[in-house]
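Descriptive structure summary
The residues making up each chain are set out below.
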Amino acid sequence: MTYESHARRARSRARLAAMRIGARAAIAGTLTAVIVGGSVGALGVLASASRASAETGESSSVTLTAQDALDTSGAPFPKLSVTVSKTKGLTNEGLRVSYTGGSLSTETTNYLQIAQCWGTDSTGPARETCVFGGIATNGGLRAKTVPTSYVHANDRKYTSFKVGAYTALPFVAYNDQLITDPATVPDEYLVSNLTEVNGEVLTRAQAGLDAVDVNQNRYFTKFTTNEIPWAPFSGQGDGEVVFETQTALESSGLGCGSPVGLDTMTITGQSCWLVVIPRGTADNGARSTSYPGVWWDSWRHRIAFKLDFLPVGTRCDVSSGELQVQGSSLLAQAMFSWQGDYCQQDGGRAVAYARGTDQDAALTSATTAGAPLALVSQPLDVDGVDDSLVYAPVALTGVTISYSVDRLVNVTASEEEQRKSKTPFTSMKLNPRLLAKLLTDSYLESVVAAVDKRWLTEPGKGDYVTDPESGDPIPYLMNGKTEKLNPSNITRDPEFLQLNPDWNDNILIGVGIASSVTPIGRADAIRAVWDYILADDNARNWLAGEPDENGMVVNPYYATTDAANALGTALALPMDSFPKADPWELASTWDPATQTGNYALNQIEFRPYADSFEQSAQFVLRGDSRRLGGFDVNSTPPKWTRAEPSRVGYRTVTAVTDAAAAARFETFTALLENPAGEFVAATSESMLAAAAAMTGAEADAGVLQFDSSSTNAAGASTAYPLTVPVYAALNPAEPDADIRAAYADFVEYAATKGQSPGESPGELPDGYAPLPTSWIDQATAAASTARQGGAVAPQPTPSASPTPSSGAAATNLNPVSATSLPAVGEPAAGDRGATDPVADAASDPPSVATMGVTADDPAIELTAAAVPMGLVAGLVAACCVPIVSRVGRRT
């Protein structure tokens, strides 16, 4: 047996063992999530679209001007015009806010402040209902002490004149009574540091009560606020920022999207407001703009955009059972759209979707009767397990590198360049080797500053690690021959600057541009990233230990050869996770007696994972690079803290995301070099071009992949190289015919009706390309095979036709008889344990998660029920930090 074969079998056995553990953990996590998510759903705080609020495909962009302000007199920018890209059918997403008619910004003059508020007044919100004050910056707080003469008459009711004039605007949280007045709202919805004693306004401390922080409170903090306290104007008087809208899920204090009309047949989401507050040079009666924007002198110039939200929670009748679907997180945005629509189709049903590990889901589907429908991007390939699945393509999307980086122009640059400072970069090019550098902690700032960056030291001890043969210390983030350190981050890398010359003349620092935020867990899509990198000669050689043309070397713990790896054992790539392979550790110096020092710190704490591709995109929008904030000795127990997200003008974040999440949160994404040498963005057209160049996977020719090492890929000049398809893995051997039919119905819906692009529930969101016609044919054929059951019929290998579907009407869906579905705690038809080599059915009774469809539920008035998105949390909890897989030493 060759060494390569032996290594492959070893990896396969390890992978199977991991899958077995992961499958059990996923089932347990899913069951937990069903319980938790079900409780959440009963409270109506789920994030899925209601068909009752479906919007038309027309743009809901709105433009308002300074003439639409509360008070137009004395406006800082009389010619101000602001456009919000979308105002209807909103969820938690990114809105592009563009504006003209201003003057060149400085840190303290000529800028806009943007916030989200709730309220029912048709003329705009009350300022007390705005999430504002969470970021301590110029004019960005709710409270301040000022000279008495500067307090506007409308602010006096919120001012204590005991010592100077302390004005603190209360916050009134969303409540069922829709009360916005701090004087009458119940205390549980009020955040105020003021009280009234004998008709006099006092601070709570002055009245002998505990002080309340109106800027950091139970409803919003510097970590959760979505406000933008400083949105700059360019030298041309224009600008653009992306604002994150938050629903009741992200902010209970705003309550946006809370269901309205539950006692009627027409349910809508609670509307909210986006307010834009212009700040000039001295608009608070003072000589600066340092006073809060929600105080009256600035607030009176605010422009308010009404935002209509989809209701959180899906109203689906679950009396006919729920359909369980789990696996690829790449389908998250599409499932978000499809769930609320599919359950209202003839024969449709509620769909409980749980993001998890693709291959674990496929393994469970292939070996466990009644298993959830699996979503994968690669065929099941595990030694000792027969792949009885048929694969139905349901989505075409991609992995993206999102970024949010603002310029910090060198003072030696031209005046024209300096005028661009604090504005965002809008273009980035990456080749496979640069992407490898961002994923291997090879830039200096990707490792905490206290770690020696010249020579490898023993984790937690500081002693040099030496080569066992030569006895010399091993270089670390340094070229051992030239003793030249690696660049501090990607913007200092000559290779990057050669591809991105407009990034020159900037002095950027930050862990977010030295190491990308990555999602935790295992996924087929992550393997596609490593496949893309390893298909490139330059990237593959660099990972093997060869310096690039400028002398930069790979972090030795990530080296893919035994000789170059610090542990003497190669990192086994490709893999389906993003490992934290560098084991550096700062020893604990904490002394409880003196309350000094720090706890131990390692790479996972220093650079934590995101929960998903989606959360990675959200971090980019928020400017959250996940950087360490410091050690808090006052916490109980003491702990390391995270720094707050960077505000507009100071962001330095890169992250691995997916195309649909990037589109949802309006992030900039990098152009990636494809095998033809072209730099291409993830668009519908480029993903269809990639689909046309895909080839069949080695394990199953019916599952296509964009193989960057193939001849097809080398000739596809317009193809996006990280295009990834998503397949529903159906098992024709499933003994329960009703479960097979239910899965087949849903697949037919997803592959036909669900492929019509749009923003309405049931339509295909941005970030996905409609399936080519031949792919739809494969999906319907696979669904038919699964419905019939028995032996697996040969699957058609789809042609690479890039012709997208026209979003044709769905095939008639066969309703599943609810009376034939298994009851909770009872096995479906057939022996559930007989075909499962992973779990002992006799000792592990079937859980809700192992059943394709749940038991009948009693009819509910108005058929009100919610699909438990808490499943996601359960699967995330079931995931563990990826274990670094390594090839064994040669003997």
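In this text, all values refer to a predicted model and were calculated from it rather than measured experimentally. (Residues numbered from 1 in each chain as written. Predicted model: local features only at pLDDT ≥ 70, side-chain atom pairs only at ≥ 80, totals over all residues. Heavy atoms only, no water.)

**With respect to the nonpolar core**
Applied cut-off: Side-chain atoms within 4.5 Å link the members of a nonpolar core, which is a set of buried Ala, Val, Leu, Ile, Met, Phe, Trp, Tyr and Cys residues. Type-normalised accessible area, obtained with a 1.4 Å probe on protein chains alone, sets the label of each residue: buried when under 20%, exposed when over 50%, and partly exposed for intermediate values. For the purposes of this entry, the term helix denotes a DSSP run of H or I that reaches at least four residues, the term strand denotes a run of E that reaches at least two, and both are numbered from the N terminus. Pairs of residues are marked as contacts when any of their non-hydrogen atoms sit within 4.5 Å.
One finds Leu331, Leu430 and Ile533 to be the most contacted residues of the largest nonpolar core, which totals 116 residues. In terms of residue count, strand 21 (residues 390–405) provides more of this core than any other element does, 10 residues in total. When sequence neighbours within four positions are dropped, the list of residues in contact with leucine 430 reads Ile401, Leu438, Ile490, Phe496, Tyr532, Ala670, Leu671, Leu672, Glu673 and Phe679.

**Considering helix 15 (residues 737–751)**
Spelled out, the test is: Expected helix span is given by 1.5 Å per residue-to-residue step, counting one fewer step than there are residues. Between N or O atoms, a polar contact is any pair within 3.5 Å; within protein, one atom must be a potential hydrogen donor and the other a potential acceptor, and residues adjacent in sequence are included only when both atoms are from side chains.
Here helix 15 contains 15 residues, and its C-alpha end-to-end distance of 21 Å stays within 8% of the 21 Å for a straight helix at 1.5 Å per residue. Counting buried residues along helix 15, 14 of its 15 residues qualify, which places the element largely inside the surrounding structure. Two or three places before aspartate 738, at the start of helix 15, stands the capping residue aspartate 736, its side-chain oxygen 2.9 Å from that residue's backbone nitrogen.

**Description of the sheet that holds strand 17 (residues 303–307)**
The condition is simple: By the convention used here, strands pair only if DSSP detects at least 2 bridges between them. Orientation is described by axes fitted as lines to C-alpha atoms, over the contacting stretch for helices, and by angles from 0 to 180 degrees between their N-to-C directions.
Spatially, 12-4-16-17 is the arrangement adopted by the four strands of the open sheet, whose pairing is antiparallel. Two strands lie at the open edges of the sheet, namely strand 12 (228–232) and strand 17, each paired on one side alone. For this sheet, the mean inter-axis angle between neighbouring strands, taken without regard to orientation, is 25°. As judged from the eight bridges shared by strand 4 (residues 111–118) and strand 16 (residues 272–279), these two strands associate in the antiparallel manner. From the neighbouring strand, leucine 112 faces strand 16, where its bridge partner is proline 278.

**Observations concerning the pattern of salt bridges**
To keep things clear, this is the line we draw: Here a salt bridge means any side-chain nitrogen of Lys or Arg lying within 4 Å of a carboxyl oxygen belonging to Asp or Glu.
Within the structure shown, the criterion is met by 28 salt bridges. A salt bridge links aspartate 406 to arginine 651, with the shortest nitrogen-to-oxygen separation between them at 2.8 Å. Linking aspartate 406 in the loop between strand 21 and helix 5 (415–418) with arginine 651 in the loop between strand 28 (639–642) and strand 29 (652–658), this pair joins segments that are 245 residues apart in sequence. For the pair aspartate 406 and arginine 651, one class covers both residues: buried. A salt bridge links aspartate 576 to arginine 522; the nearest nitrogen and oxygen atoms lie 3.5 Å apart. Placement of aspartate 576 in the loop between helix 9 (537–543) and strand 25 (585–586) and of arginine 522 in the loop between helix 7 (494–499) and helix 8 (524–534) is noted, with a sequence separation of 54 residues between them.

**Remarks on the packing of helix 15 against helix 16 (residues 773–788)**
To keep it simple, the criterion reads: Convention used here: angles under 35 degrees read as roughly parallel, angles over 145 as roughly antiparallel, angles from 65 to 115 as roughly perpendicular, and any remaining angle as oblique. Under the scheme applied, nonpolar residues are Ala, Val, Leu, Ile, Met, Phe, Trp, Tyr, Cys and Pro; charged residues are Asp, Glu, Lys and Arg; polar residues are all the others, including Gly.
For the pair helix 15 and helix 16, interaxial distance at closest approach is 8 Å and the crossing angle is 170°. The orientation of helix 15 relative to helix 16 falls into the category roughly antiparallel. When helix 15 is examined against helix 16, the residues Arg740, Ala741, Ala744, Asp745, Val747, Glu748 and Ala751 are found in contact with a partner set consisting of Ile776, Ala779, Thr780, Ala783, Ala786, Arg787 and Gln788. Here the contact of helix 15 with helix 16 is built from residues that sort into eight nonpolar, two polar and four charged.

**Details of the packing of aromatic side chains**
Heads up, the condition is: Two rings from Phe, Tyr or Trp (for Trp, the six-membered ring) form a pair when their centres are within 6.5 Å of each other. A pair whose planes differ by under 30 degrees is stacked, one over 60 is edge-to-face, and the rest are tilted. Comment: the charge-over-ring label is applied if NZ (Lys) or CZ (Arg) is within 6 Å of the ring centre and within 35 degrees of the ring normal.
As enumerated under the stated definition, the model contains 23 aromatic pairs in all. Seen in terms of ring centroids, tryptophan 338 and phenylalanine 746 are 6.4 Å apart; in terms of plane orientation they differ by 70°. Their pairing is edge-to-face. Note that tryptophan 338 is positioned in helix 3 (residues 332–342) and phenylalanine 746 in helix 15, a separation of 408 residues in sequence. In this structure, tryptophan 338 and phenylalanine 746 share a single accessibility class: buried. On the numbers, 5.9 Å between centres and 70° between planes, the contact of tryptophan 584 with phenylalanine 606 is edge-to-face. One end of the pair, tryptophan 584, is in the loop between helix 9 and strand 25; the other, phenylalanine 606, is in helix 10 (residues 603–606), with 22 residues separating them in the sequence. Note on accessibility: tryptophan 584 and phenylalanine 606 belong to one class, buried. A connected cluster of aromatic rings, assembled from ring pairs, spans Tyr403, Phe425, Phe496, Trp503 and Phe668. Between the NZ or CZ atom of lysine 422 and the centre of the ring of tryptophan 230, over which it lies, the distance is 5.6 Å. When the ring centre of phenylalanine 336 is taken as origin, the NZ or CZ atom of arginine 664, which lies over that ring, is 5.7 Å away.

**Some remarks on the pairing of strand 11 (residues 200–203)**
Of the pairings in the sheet, the one linking strand 10 (residues 194–197) to strand 11 comprises four bridges and is antiparallel in character. Bridge assignment links glutamate 196 to a residue of strand 11, and that residue is valine 201. Hairpin connection, strand 10 to strand 11: the antiparallel pair is bridged by two residues, and asparagine 198 has positive phi, about 55°.

**Brief notes about the environment of proline 487**
You can see proline 487 is positioned in the loop between strand 24 (484–485) and helix 7. Measuring from C-alpha to C-alpha, the distance between proline 487 and leucine 477 comes to 8.9 Å, with 10 residues separating the pair along the chain. With near-sequence residues (within four places) excluded, proline 487 lies in contact with Tyr443, Leu444, Arg492, Asp493 and Met552.

**Side note on the sheet that holds strand 5 (residues 143–146)**
Within a sheet, each strand pairs with its neighbour through backbone hydrogen bonds, oriented either parallel or antiparallel. The strand order across the open sheet built from three strands is 5-7-6, with neighbouring strands paired in antiparallel fashion. The open sheet has two edge strands with one neighbour each: strand 5 and strand 6 (159–160). Relative to strand 7 (residues 165–168), strand 5 runs antiparallel, the two sharing four bridges. Looking across to strand 7, one finds that valine 146 is bridged to alanine 165.

**Concerning the side chain of glutamate 227**
Keep this limit in mind: Neither His nor the chain termini are counted; the positive set is Lys and Arg, and the negative set is Asp and Glu.
Turning to its location among the elements, glutamate 227 is positioned in the loop between strand 11 and strand 12. Within the buried core, glutamate 227 has no salt-bridge partner, and the shortest N-O distance to an opposite charge, that of arginine 142, equals 7.1 Å. A polar atom in the side chain of glutamate 227 sits 2.9 Å from the backbone nitrogen of glycine 133. Only 2.6 Å separates the side chain of glutamate 227 from the side chain of threonine 225, close enough to count as a polar contact. Excluding anything up to four places from it in sequence, glutamate 227 contacts Ile114, Val131, Phe132, Gly133, Gly134, Ile135, Gly140 and Phe243.

**Considering the confidence of the model for the protein chain**
In plain terms, the rule: Summary of the metric used: pLDDT quantifies the predictor's per-residue confidence within the range 0 to 100.
Per-residue confidence for the protein chain gives a mean pLDDT of 84; residues scoring 70 or more make up 82%. Every residue in residues 1–57 is under pLDDT 50, and counting partners more than four places away or in other chains gives 112 contacts. Scored below 50 in pLDDT, residues 801–891 shows 235 contacts in the model against residues more than four places distant or in partner chains.

**Here's the deal with the state of the cysteines**
Definition in use: Here, the term disulfide refers to a pair of cysteine sulfur atoms separated by no more than 2.5 Å.
Inspection of the entire model under this criterion finds three disulfides. One disulfide bridge connects cysteine 117 with cysteine 130, the sulfur atoms lying 2.0 Å from each other. Across the disulfide from cysteine 117 to cysteine 130, rotation about the S-S bond amounts to roughly 95°, and the bridge is consequently right-handed. Of this pair, cysteine 117 sits in strand 4 while cysteine 130 sits in the loop between strand 4 and strand 5, and the two are 13 residues apart along the sequence. Taking the relative accessible area as the measure of exposure, cysteine 130 reaches 0% and is therefore buried. Each bonded cysteine in the protein chain gets a number by its place in the sequence, and the pairs come out as 1-2, 3-4, 5-6.

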